[in-house]
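Structural overview
Each chain, written out:
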Amino acid sequence: QVQLVESGGGLVQPGGSLRLSCAASGNFVSINTMAWYRQTPGKQRELVAAVTIGDDTDYADSVKGRFTISRDNAKKSVDLQMTNLKPEDTAVYYCNADRVFGGHWLKTDVWGQGTQVTVST
């Protein structure tokens, strides 16, 4: 009933910037929370940033002051603006939608397929 499509990943030098985008499509009315997670080999997937339908935000301590999450309900999308990137930011980044409301149904923890972000010289 809902699909997430990510874009914007790639290679960037340390100190550089990158913007990730995630577009939601399907037969739904609203999404309560949209978020970005990341995962590296051998590590647990971790929350990077989240934003609610009321525009409340939550960030991992490691990205506070460097990353900004925002959503556009008209476009049904969420962006992650990443600045001052560090090598430790290298990971596969996943878009997540939690509590997706349809006319008569609810979906939780819908995931995109992920996009690679590499920070290196």
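Attention in this report is confined to the structure presented alongside it. (Residues numbered from 1 in each chain as written. Predicted model: local features only at pLDDT ≥ 70, side-chain atom pairs only at ≥ 80, totals over all residues. Heavy atoms only, no water.)

Here's the deal with the pattern of salt bridges
Stated precisely, the cut-off is as follows: Salt bridge, as used here, is a side-chain nitrogen of Lys or Arg placed within 4 Å of a carboxyl oxygen of Asp or Glu. Throughout, exposure labels follow a simple rule: accessible area from a 1.4 Å probe, protein chains only, divided by the maximum for the residue type, with under 20% read as buried, over 50% as exposed, and the rest as partly exposed.
According to the stated counting rule, one finds 6 salt bridges in the structure shown. For lysine 64, the salt bridge is made with aspartate 61, and the minimal N-O distance between the two is 3.1 Å. The burial state of lysine 64 is the same as that of aspartate 61; both residues are exposed. Residues participating in the shared-partner salt-bridge network are Arg38, Glu46, Arg66 and Asp89.

Comments concerning the packing of aromatic side chains
As a reminder of what qualifies: Aromatic rings from Phe, Tyr and Trp, taking only the six-membered ring of Trp, are treated as a pair when their centres fall within 6.5 Å; an angle between ring planes under 30 degrees marks them as stacked, one over 60 as edge-to-face, and anything in between as tilted. Segments assigned H or I by DSSP are reported as helices when at least four residues long, segments assigned E as strands when at least two residues long, and all are numbered from the N terminus. Whether a charge lies above a ring is judged from NZ of Lys or CZ of Arg, which has to be within 6 Å of the ring centre and within 35 degrees of the ring normal.
Within the structure shown, the criterion is met by 1 aromatic pair. Centroid distance tyrosine 37 to tryptophan 111: 5.0 Å. Interplanar angle 65 degrees. Geometry classified as edge-to-face. With a gap of 74 residues between them, tyrosine 37 in strand 4 (residues 30-39) and tryptophan 111 in strand 11 (residues 110-111) connect regions that are remote in the sequence. You can call tyrosine 37 partly exposed: its relative accessible area is 22%. The ring of tryptophan 111 has arginine 45 lying over it, and the distance from NZ or CZ to the ring centre is 4.7 Å. Positioned over the ring face of phenylalanine 28 is lysine 76, at 4.9 Å from the centre of the ring.

Section: the environment of arginine 45
Heads up, the condition is: Counting of polar contacts relies on pairs of N or O atoms within 3.5 Å, with two restrictions inside protein: one atom must be capable of donating a hydrogen and the other of accepting it, and residues adjacent in sequence are counted only when both atoms are side-chain atoms.
As for its placement among the helices and strands, arginine 45 is situated in the loop between strand 4 and strand 5 (46-52). Since its relative accessible area comes to 29%, arginine 45 is described here as partly exposed. For the pair arginine 45 and tyrosine 94, spaced 49 residues apart in sequence, the C-alpha separation works out to 9.1 Å. Within the structure, the side chain of arginine 45 is placed 3.3 Å from the side chain of glutamine 39, a separation counted as a polar contact.

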